[in-house]
Amino acid sequence: MRRLLGAWGRVLPRQILSIVAGLLVYVSFPPRPLWFLAPVGIALLVLVLVGRGLIEQGVVHSKSVSSKSPGRRWRGAFGYAYLAGLGFLVPLLPWVGVYVGAVPWLALAGVESLFIGLFGVVAVTIARAPVPRWLLPVLLAAGWSLTEWLRSSVPFGGFPWGRLAFGQSEGWLVSLASIGGAPLLSFGVALTGAGLAALVVGLASRSRRQLIVGAVISTVLAPIVAAAIFPTLPTMADADTGRTITVAAIQGSVPRLGLDFNSQRRAVLDLHVKRTLQLAADVRAGRSPQPDVVVWPENSSDIDPLRNVDAYQEISATASAIGAPILVGAVLANDDGTTTNSVIVWDPITGPGSRHDKSIIQPFGEYIPYRSFFEHFSSYAAKAGNFVPGHDDGVVHASGIPIGVATCYEVAFDRALTRAVRDGAQFIAVPTNNATFGRTEMTYQQLAMSRVRAVEHGRAVVVAATTGVSAIIAPNGAVQQESPLFVPDALVARIPLRTGITISTRLGAWPEIVLCLVAGAAFVAGLPFVARRLEARVGAGHPADGSPADEAQTDTSTDTQHDHTVRTVRDVQTVPAPAGEEEPDGNGDAERSREL
């Protein structure tokens, strides 16, 4: 027992620091304006995982580590990063369980934290690759991009919620989205954090100037590039088509909160009709400008208006009263018993026209994979929908204007709007229904995604939410108008119509692909059997920091005078273990504690 407590005592400080790292990333997310804490959280996690590996070659020879040490190292790194993931995602996602209990919330946070745990494995492996140490922050940031892509892709189509990019809607780095989308923005945050970690270790260890300069460049590169790009972002005054229009976002609210609000489906429709008719009265009285397009939220008509005569007539009368087409969020029943979550353009004269069927539907909400299995864990599984995805390009046309539509959950996915903007969308509508998530932070987290998408594609964004927060967002991501929660409201504003294509829209997924390939190559280079072969070449006269062998020898002797060694593998028999890597005698963590 004493030995067990002693071993736990050696790792406990790193466990606590890992959780703190995750908490720092969490508090950087909306509604708090603390975006600058995200790089600090990443820096702390990198320090826990890699430490002096940021400045010293991390290849370990068989003489100092047993054949099982890579597995032991990976398990430790996974554990520390997994704790960071829990510290981040458990407080980020309680909205999942607000009406269904803690089990789905904690299960989702636990599963998604596995991908952050995987980042720990990737990080310690990349840190052992025989590459110049000044390049390591870039590779570690690419490693984060790799695991973030994986989390956004699997299982069941992925879950992009909590990407670093979505915490930066008010930050200095957000303009990076205009050239590389959310993936480059996340990479910029991770690079700043990894560079900061390298700078801390380098200064504390009085490293060679080359390494410190590299750390400084890694820390400030993303902010400098973002600052240079920001003046080029379009504003509400920049309509490259020469045309602006007036839009209205209607927030009708719901009769009551909870999962059963749709049991009063007619009441939800009536509330949105009522608030739109109030706007029509304000237009006639001269208190509000005449809108060209009106956007209703997702699920504003859960009664299928194409099958229900009363709903059809009520929506038609409302469109006629406001004198503008309405984008109606409706649930449509299919002949095979399935349903589609659709946005229908309802013209005041011709009635229902073009529509977008939600193509990225939410697992465990709009449909249940393996329904019979998951019903054993929660009775709410039986209440999930039987929705099927659509296959259109996400563009609808109202008053001759092509509009890109991302319905609720879709806005979290990069691909949802890229195709729509490429196919001509001149502004973006995000109809959403957040009534089932109560007064949690979910709606603010989702609003931040819409702000990032505005910058990514250079388009104004109109968010219409059943219960809030609805918003009008400029093409540079700035919020022009915003509604309060749980009150009927109507936001009316003039927005620019734009046809220009940002670099991000043009490149699509390529920035993320490149980052993932770089990370994958660095990971392979850091695998023990690969690293040993590469290091054999280093030992032949090409040190890992890229300097000549004789120069490395000179620097080593100089650094020794300062109780610090920048070792080439030729000179070293034992390298301090990265976080989570214990020597066979179990003293790896203790040795690193003394170093840091």
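The model shown is predicted, which means the values in this text are computed figures rather than measured ones.

> Describe the pairing of strand β4 (residues 339-347), with residues and values.
With 8 of its 9 residues buried, β4 lies for the most part within the structure. In sequence, strand β3 (residues 326-333) turns back onto β4 through a hairpin of 5 residues, with glycine 337 there showing a positive phi of about 95°. Where β4 lies against strand β5 (residues 351-357), 5 bridges are found, and the strand directions are antiparallel. Note on β5: the bridge partner recorded for aspartate 347 is glycine 351. The turn joining β4 and β5, which pair antiparallel and follow one another in sequence, is formed by 3 residues.

> Please give an account of the pattern of salt bridges that cites residues and values.
Under the defined criterion, the tally for this structure stands at 16 salt bridges. Arginine 307 is the salt-bridge partner of aspartate 335, the closest N and O atoms lying 2.8 Å from each other. Residue aspartate 335 is found in the loop between β3 and β4, and its partner arginine 307 is found in the loop between β2 (293-295) and α9 (309-322); the two are separated by 28 residues along the sequence. Of the charged contacts, one joins aspartate 423 and arginine 419 as a salt bridge, the two residues approaching to 3.8 Å between their closest N and O atoms. Classification of aspartate 423 by relative accessible area gives partly exposed; the value is 42%. Put simply, Glu148, Arg163, Asp414, Arg453 and Glu456 are held in one network by salt bridges that share partners.

> Run through the packing of helix α5 (residues 136-151) against helix α6 (residues 177-205), naming residues and quoting values.
Where α5 meets α6, the axes come as close as 8 Å, and the angle between the chain directions of the two elements is 140°. It follows from the interaxial angle that α5 and α6 lie oblique. Seen from above, α5 lies across α6 with right-handed handedness. Counting all contacts with α5, which are made through Pro137, Val138, Leu140, Ala141, Ala142, Trp144, Ser145 and Glu148, the residues of α6 involved are Pro183, Ser186, Phe187, Ala190, Leu191, Ala194, Gly195 and Ala198. Grouping the amino acids of the contact of α5 with α6 by side-chain chemistry returns 12 nonpolar, 3 polar and 1 charged.

> How would you summarise the sheet that holds β2 if you had to cite specific residues and measurements?
The 6 strands are arranged β5-β4-β3-β2-β1-β12 in an open sheet whose pairing can be described as mixed. One side of each edge strand has no neighbouring strand; the edge strands of this open sheet are β5 and β12 (489-496). Between one strand axis and the next, the sheet turns through 35° on average, direction left out of account. Sheet analysis places β3 next to β4, joined by 8 bridges and oriented antiparallel. When the bridges of β4 are listed, alanine 333 appears paired with threonine 339. Helix α8 (residues 265-284) rests against β1 (244-251), β3 and β12 of the sheet, and its axis sits at about 140° to β1. Together, β2, β3, β4 and β5 form the strand contacts of α9, whose direction differs from that of β4 by roughly 40°.

> Which residues make up unusual backbone geometry, and what values do they have?
Put simply, proline 30 and proline 31 share a cis peptide bond, and its omega is 10°. Its location among the elements puts proline 31 in the loop between α1 (2-27) and α2 (37-49). Phi at phenylalanine 364 is positive, roughly 70°, even though this residue is not glycine. Topologically, phenylalanine 364 is positioned in the loop between β5 and α10 (371-374). The phi dihedral of phenylalanine 486 is positive, around 60°, even though this residue is not glycine.

> I'd love a proper account of the confidence of the model for the protein chain, names of residues and values included.
With 83% of its residues at a pLDDT of 70 or more, the protein chain shows a mean pLDDT of 86. This model gives residues 59-68 a pLDDT under 50, and the stretch forms 19 contacts once residues within four places in sequence are excluded. Scored below 50 in pLDDT, residues 542-596 makes 122 contacts in the model with residues more than four places away or belonging to other chains.

> I'd like to hear about α2, residue by residue, with values.
Compared with an ideal rise of 1.5 Å per residue, which puts 13 residues at 18 Å, α2 spans 19 Å between its outermost C-alpha atoms and is within 8% of the ideal. With 12 of 13 residues buried, α2 is to be regarded as a mostly interior element. Just past α2, the residue glycine 51 takes up positive phi, approximately 55°.

> Tell me what's going on with the packing of helix α4 (residues 102-126) against helix α14 (residues 510-526), and back it up with residues and numbers.
Where α4 contacts α14, the axes come no closer than 7 Å and their chain directions differ by 65°. Note that α4 runs across α14; the crossing there is left-handed. Together, Val121, Val122, Thr125 and Ile126 of α4 and Ala519, Ala522, Phe523 and Gly526 of α14 make up the contact between the two elements. For the contact of α4 with α14, the class distribution of residues is 6 nonpolar, 2 polar and no charged.

> Break down the side chain of glutamine 445 for me, citing the residues and quoting the values.
Summarising the element assignment, glutamine 445 is placed in helix α12 (residues 442-457). By relative accessible area, which is 2% here, glutamine 445 ends up buried. Aside from chain neighbours lying at most four places away, what touches glutamine 445 is Pro30, Leu92, Trp95 and Trp161.

> Which residues make up the pairing of β1, and what are the values?
Burial of β1 is extensive: 7 of the 8 residues sit out of reach of the surface. Relative to β12, β1 is paired through 8 bridges, and the arrangement is antiparallel. Looking across to β12, one finds that alanine 248 is bridged to valine 492. Relative to β2, β1 runs parallel, the two sharing 3 bridges. If you follow alanine 249 over to β2, its bridge partner there is valine 295.

> Outline the environment of glutamate 456, supporting the account with residue identities and numerical values.
Note on placement: glutamate 456 falls in helix α12. Residues glutamate 456 and glycine 180, 276 residues apart in the sequence, show an inter-C-alpha distance of 7.6 Å. If we skip the residues at most four places from it in the chain, glutamate 456 touches Ala177, Ser178, Gly181, Ala182, Thr502, Ser504 and Thr505. At a separation of 2.6 Å, a polar atom in the side chain of glutamate 456 contacts the side chain of arginine 453.

> Which residues make up the nonpolar core, and what are the values?
Within soluble globular proteins, side chains that are nonpolar tend to cluster in buried spots. One finds Leu49, Leu54 and Leu140 to be the most contacted residues of the largest nonpolar core, which totals 100 residues. In terms of residue count, α6 provides more of this core than any other element does, 13 residues in total. When neighbours within four sequence positions are excluded, leucine 54 is seen to be in contact with Val46, Leu47, Arg133, Leu136, Leu140, Ala197, Ala198 and Val201. Counting 25 residues, the second largest nonpolar core, distinct from the first, contains Val293, Val405, Ala474 and Ile495.

> Please provide a residue-by-residue account of a nonpolar patch on the surface, values included.
Taken together, the side chains of Ile503, Leu507, Trp510, Ile513, Val514, Leu517 and Val518 define a hydrophobic patch exposed on the protein surface, amounting to about 650 Å² of accessible area. Those elements giving two or more residues to the nonpolar patch turn out to be α13 (503-507) and α14. At 5 residues, α14 tops the list of elements feeding residues into the nonpolar patch.

Reading the values: the criteria
- Residues numbered from 1 in each chain as written.
- Predicted model: local features only at pLDDT ≥ 70, side-chain atom pairs only at ≥ 80, totals over all residues.
- Heavy atoms only, no water.
- Buried < 20%, exposed > 50% of the residue type's maximum accessible area, 1.4 Å probe, protein only.
- Helix = DSSP H or I, 4+ residues; strand = E, 2+ residues; numbered from the N terminus.
- Pairing = 2+ DSSP bridges.
- Salt bridge = Lys/Arg side-chain N within 4 Å of Asp/Glu carboxyl O.
- Axes fitted to C-alpha atoms, helices over the stretch in contact; angles between N-to-C directions.
- Parallel < 35°, antiparallel > 145°, perpendicular 65-115°, else oblique.
- Left-handed = near helix turned anticlockwise from the far one by under 90°.
- Contact = heavy atoms within 4.5 Å.
- Nonpolar A, V, L, I, M, F, W, Y, C, P; charged D, E, K, R; others polar.
- pLDDT = per-residue confidence, 0-100.
- Expected span 1.5 Å × (residues − 1).
- Polar contact = N/O pair within 3.5 Å; in protein donor to acceptor, adjacent residues only side chain to side chain.
- Core = buried A, V, L, I, M, F, W, Y, C linked by side-chain atoms within 4.5 Å.
- Patch = residues over 30% accessible without salt bridge, like charges linked within 9 Å, V, L, I, M, F, W, Y side chains within 5 Å.
- Areas by Shrake-Rupley, 256 points an atom, 1.4 Å probe, with all protein chains shown as cover.

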